[in-house]
Amino acid sequence: MDVHELVATIRGRAGDAPVRIGMILGSGLGHLADAVDGTAISYADLPGFPHAGVSGHNPNLVVGTLEGQQVAVLGGRAHYYEKGDPTAMRRPLEVLKALGAEILIVTNAAGSMRPDMPTGSIMCLNDHINFSGLNPLIGEPTDNRFVPMTEAYDADLRRRLHAAAQAADETLHDGVYAWYSGPSFETPAEIRAIRMLGADAVGMSTVPEVILARFLGLRTAAISTITNMAAGMSDEAISHEHTKAMAPIGAARLEKVLRGALRDLD
Ligand code: HPA
């Protein structure tokens with residue numbers, strides 16, 4: 001199915017109201033899709049959407065309203081590390097754009113490299129470091145591939161997220177996210193290196209999606225929920241089980257902030 005046919009399928013099930021905001025939910029955060037008042041469509045019915053490859057993800061596209069906004073929420077993502085494909089989220093993002101989305105909000109679980117940003121914290125990305133060196137636009141034949149990344153994380157959206165956090169009396173940190181390919185976690189030496197390079201949090205997603213979103217002309221914001229201190233920074237064990245177990249702490253904060261920002265978006 002091409003993008004056009006996927007959009008027709010989605011419209012046939014979820015109606016014609018144009019979507020304004022697309023969202024991608026990270027590990028342990030998929031339940032936010034259930035809060036949307038609308039129609040859930042299984043990825044299995046949408047060729048080109050990711051398989052439910054990673055536990056803790058919710059493999060549905062939910063189209064409807066959340067806090068008065070028309071949204072399309074991807075309850076789970078495909079990661080580079082699943083099949084070695086940095087373009088894995090291109091088709092779902094093209095579909096969000098074709099449904100009318102102007103804004104993309106990305107969430108993820110991440111490890112923290114800042115002692116003042118412990119497990120359970122949330123961090124608004126103000127920039128990223130592509131530590132993987134991979135790029136989802138390699139092979140894109142048009143000149144549109146030369147995407148400027150100077151303002152990848154939209155200043156207005158960031159301001160709104162911080163205002164929503166303040167109104168909800170929640171601390172929303174601000175920082176740089178480094179993309180590490182995974183699926184193995186980082187070594188302590190790698191974490192020391194990324195810290196020196198200026199990163200505040202580390203994770204295995206988001207960066208390829210933000211590059212693709214900018215390529216598609218979407219305004220983008222991203223928030224990490226901190227599920228652990230990065231390797232070598234504490235005695236805390238690092239595992240996918242631990243990520244899933246800790247995600248709900250930050251997820252509750254994240255949901256409050258996101259809902260507040262959506263409510264106030266004009
Ligand atoms: N490293 C990479 N990805 C992660 C981490 C981490 O420490 N925690 C959650 N996702």
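Values in this document were obtained by computation on a predicted structure and should not be read as measured data.

(A) Representation of the overall build of the protein in the model. On a plain count of helices and strands, the protein comes out with seven helices and nine strands. In terms of overall dimensions, the protein is globule-like: its C-alpha atoms have a radius of gyration of 17 Å, near the 18 Å expected for 266 residues. Its C-alpha atoms give the protein principal-axis dimensions of roughly 50 × 45 × 35 Å. Looking at the protein residue by residue over its 266 residues, the buried ones come to 52%. Counted over contacts in the protein with a minimum sequence separation of 6, partners at least 24 positions apart contribute 82%. Carbon and sulfur atoms make up 51% of the accessible area of the protein, which amounts to about 10,900 Å² in all.

(B) Fine view of the site of the ligand. The local shell around the ligand consists of Ala109, Ala110, Gly111, Phe185, Glu186, Val202, Gly203, Met204, Thr227, Asn228 and Thr243. The backbone of Ala109 places a nitrogen or oxygen atom 3.3 Å from a nitrogen atom of the ligand. Gly111 has a polar backbone atom sitting 3.3 Å from a nitrogen atom of the ligand. Its residues assigned to classes, the shell around the ligand comprises five nonpolar, five polar and one charged.

(C) A look at helix H7 (residues 240-264). For H7, built from 25 residues, the straight-helix expectation of 36 Å at 1.5 Å per residue is met to within 8% by its first-to-last C-alpha distance of 34 Å. The axis of H7 is deflected most strongly, by about 35°, at Pro248. If you check which residues of H7 are buried, you get His242, Thr243, Ala247, Gly250, Ala251, Leu254, Glu255, Val257, Leu258, Gly260, Ala261 and Leu262.

(D) Expanded view of the pairing of strand E1 (residues 21-24). Residues Ile21 and Met23 of E1 are buried on one face, and the alternating residues Gly22 and Ile24, pointing to the opposite face, are buried as well. Here E1 runs beside strand E4 (residues 69-74); their pairing, made up of four bridges, is parallel. The residue bridging Ile21 from the neighbouring strand is Val71, located in E4. Bridge analysis of E1 against strand E5 (residues 103-112) gives four bridges, and the strand direction is parallel. By the bridge assignment, Ile21 is partnered in E5 with Ile103.

(E) Examining the packing of helix H4 (residues 155-167) against H7 more closely. One way to put it is that H4 packs onto H7 with a least axis distance of 8 Å and a crossing angle of 115°. Seen from above, H4 lies across H7 with right-handed handedness. Packed against H4, whose contacting residues are Arg160, Leu161, Ala164 and Ala165, the element H7 presents Val257, Leu258, Gly260, Ala261 and Asp264 at the interface. Looking at side-chain class alone, the contact of H4 with H7 contains six nonpolar, one polar and two charged residues.

Procedures and definitions
- Residues numbered from 1 in each chain as written.
- Predicted model: local features only at pLDDT ≥ 70, side-chain atom pairs only at ≥ 80, totals over all residues.
- Heavy atoms only, no water.
- Helix = DSSP H or I, 4+ residues; strand = E, 2+ residues; numbered from the N terminus.
- Rg over C-alpha atoms; globule rule 2.2 N^0.38 Å.
- Buried < 20%, exposed > 50% of the residue type's maximum accessible area, 1.4 Å probe, protein only.
- Contact = heavy atoms within 4.5 Å.
- Areas by Shrake-Rupley, 256 points an atom, 1.4 Å probe, with all protein chains shown as cover.
- Near = heavy atom within 4 Å.
- Polar contact = N/O pair within 3.5 Å; in protein donor to acceptor, adjacent residues only side chain to side chain.
- Nonpolar A, V, L, I, M, F, W, Y, C, P; charged D, E, K, R; others polar.
- Expected span 1.5 Å × (residues − 1).
- Bend = angle between axes of the 7 residues up to and from the residue.
- Pairing = 2+ DSSP bridges.
- Axes fitted to C-alpha atoms, helices over the stretch in contact; angles between N-to-C directions.
- Left-handed = near helix turned anticlockwise from the far one by under 90°.

This is a description of form; function is not addressed.
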